[in-house]
Amino acid sequence: MIQYIQHLITKIKANLLGRTKLSFAFMSKVCVIAAFILFSNAVSGQRKYNSEKKSFQMKEAKDFMREEKSNSKSLRKSSAKEKSVESLIVDLQPSIYVYNGIVKTYGDNPTNLFIDIASLEQINKLQLLSKDIEIVSITIKNNRELNSEIDLSSFAAFDKLKYVYLISKVSATEQEIMSMVSNYDSRYSLLYEIQEESSNN
């Protein structure tokens, strides 16, 4: 009788151990499948991100101006009155300045708009003289603002807009600046410049 009970206990232990092994094997398979699904989603998301990232180009301002100069003959033929991007950036132009929602306009028929990140959300409420604006210069003042969104659809009413020029006062990569842009519009050339200043948070 004692031997029978010992045999029964041994058998029960073996069954329990077998179930544990079965459960462990099953859970291992589940974990492998879950890991594969997560990996597949991550790869898919990365491909989607790369696809979106490559759907438009952004050039450093100095490189864009250099290319424009190399094509200056054809530009002059196309329109004698057309301003170069270098002229818009470097030369004194009639301009609108918007900082912290405060608007200041200098000159008639302004062609330049200078605006900070904080004012972008208000741009359609500010009643700006936008009909002749050819370039919008957006200043990124600190690292926090690198996480902001620059929605190009905000400039839909700017009929003559050609250039969106992002100026970062903090160290940033082209990819970081590109990631800020949403609702890309092929009518605009996207330029950027890093004008790093000391100790920005």
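Calculation criteria
- Residues numbered from 1 in each chain as written.
- Predicted model: local features only at pLDDT ≥ 70, side-chain atom pairs only at ≥ 80, totals over all residues.
- Heavy atoms only, no water.
- Helix = DSSP H or I, 4+ residues; strand = E, 2+ residues; numbered from the N terminus.
- Buried < 20%, exposed > 50% of the residue type's maximum accessible area, 1.4 Å probe, protein only.
- Pairing = 2+ DSSP bridges.
- Axes fitted to C-alpha atoms, helices over the stretch in contact; angles between N-to-C directions.
- Contact = heavy atoms within 4.5 Å.
- Phe/Tyr/Trp six-rings, centres within 6.5 Å; stacked < 30°, edge-to-face > 60°.
- Core = buried A, V, L, I, M, F, W, Y, C linked by side-chain atoms within 4.5 Å.
- Salt bridge = Lys/Arg side-chain N within 4 Å of Asp/Glu carboxyl O.
- Lys, Arg positive; Asp, Glu negative; His and termini not counted.

Caption draft 1: Quick peek at the overall build of the protein. If you tally the helices and strands in the protein, you get five helices and nine strands. When the helices and strands of the protein are listed from N to C terminus, the series reads α-β-α-α-α-β-β-β-β-β-β-α-β-β. When each of the 201 residues of the protein is scored for burial, the buried share is 32%.

Caption draft 2: Representation of the sheet that holds strand β4 (residues 112-116) in the model. The mixed open sheet is built from seven strands, whose spatial order is β1-β9-β7-β5-β4-β2-β3. What marks the edges here is a single partner per strand, and that holds for β1 (58-60) and β3 (102-106). Averaged over all adjacent pairs, the angle separating strand axes in this sheet is 20°, with direction ignored. In this sheet, strand β9 (residues 189-194) lies alongside β1 in parallel orientation, the contact comprising three bridges. When the bridges of β9 are listed, glutamate 60 appears paired with tyrosine 192. Of the strands in this sheet, β1, β7 (163-168) and β9 touch helix α2 (residues 61-70), which is tilted by about 90° from β1.

Caption draft 3: Representation of the packing of aromatic side chains in the model. In the structure shown here, the tally under the stated rule is four aromatic pairs. Centroid distance phenylalanine 155 to phenylalanine 158: 5.5 Å. Interplanar angle 80°. Geometry classified as edge-to-face. Here phenylalanine 155 and phenylalanine 158 have matching classes, each one buried.

Caption draft 4: Molecular detail of the pairing of β9. Across six bridges, the pairing between β7 and β9 is parallel. Paired with leucine 166 across the two strands is tyrosine 192, which belongs to β9.

Caption draft 5: How the structure looks around the nonpolar core. Core analysis: the largest hydrophobic core is formed by 32 residues, its most contacted members being Leu113, Val136, Ile138, Phe155, Phe158 and Leu166. Breaking this core down by element, the ones donating at least two residues are β2 (95-99), β4, β5 (135-140), β7, α5 (174-178) and β9. The leading source of residues in this core is β5, at three residues. Among residues more than four places away in sequence, those in contact with phenylalanine 155 are Leu120, Ile123, Val136, Ile138, Leu161 and Tyr188. The next biggest cluster of nonpolar side chains, apart from the first, holds ten residues, and it includes Met65, Ile135, Tyr163 and Tyr165.

Caption draft 6: Molecular detail of the pattern of salt bridges. All chains considered together, the criterion is met by eight salt bridges. Here lysine 59 makes a salt bridge to glutamate 67, at a shortest N to O gap of 2.6 Å. Residues lysine 69 and glutamate 86 are paired through a salt bridge, measuring 3.6 Å at the closest nitrogen-oxygen approach. Here lysine 69 is found in helix α2, whereas its partner glutamate 86 is found in helix α4 (residues 85-90), with 17 residues between them in sequence. Connected through salt bridges with shared partners, the residues Lys131, Asp132 and Lys160 form a single ionic network.

Caption draft 7: Structural view of unusual backbone geometry. The residue asparagine 109 is not glycine, and still its phi comes out positive at about 45°. Of note, the phi angle at glutamine 127 is positive, near 50°, even though the residue is not glycine. Inspection of the secondary structure puts glutamine 127 in the loop between β4 and β5. When its relative accessible area of 76% is taken as the criterion, glutamine 127 is described as exposed.

Caption draft 8: Layout of the environment of glycine 101. Here glycine 101 lies in the loop between β2 and β3. Along the chain, glycine 101 and aspartate 116 lie 15 residues apart, while their C-alpha atoms are 8.7 Å from each other. Once residues within four sequence positions are removed from consideration, glycine 101 is found in contact with Ser119, Gln122 and Leu126.

Caption draft 9: Seen up close, the side chain of glutamate 145. By the element assignment, glutamate 145 lies in the loop between β5 and β6 (150-151). Lysine 141 provides the closest opposite charge to the buried, salt-bridge-free glutamate 145, at an N-O distance of 4.6 Å. Residues in contact with glutamate 145, not counting those within four places in the same chain, are Ile117, Thr139, Ile140 and Met180.

The quantities given are spatial measurements derived from coordinates; they are silent on function.
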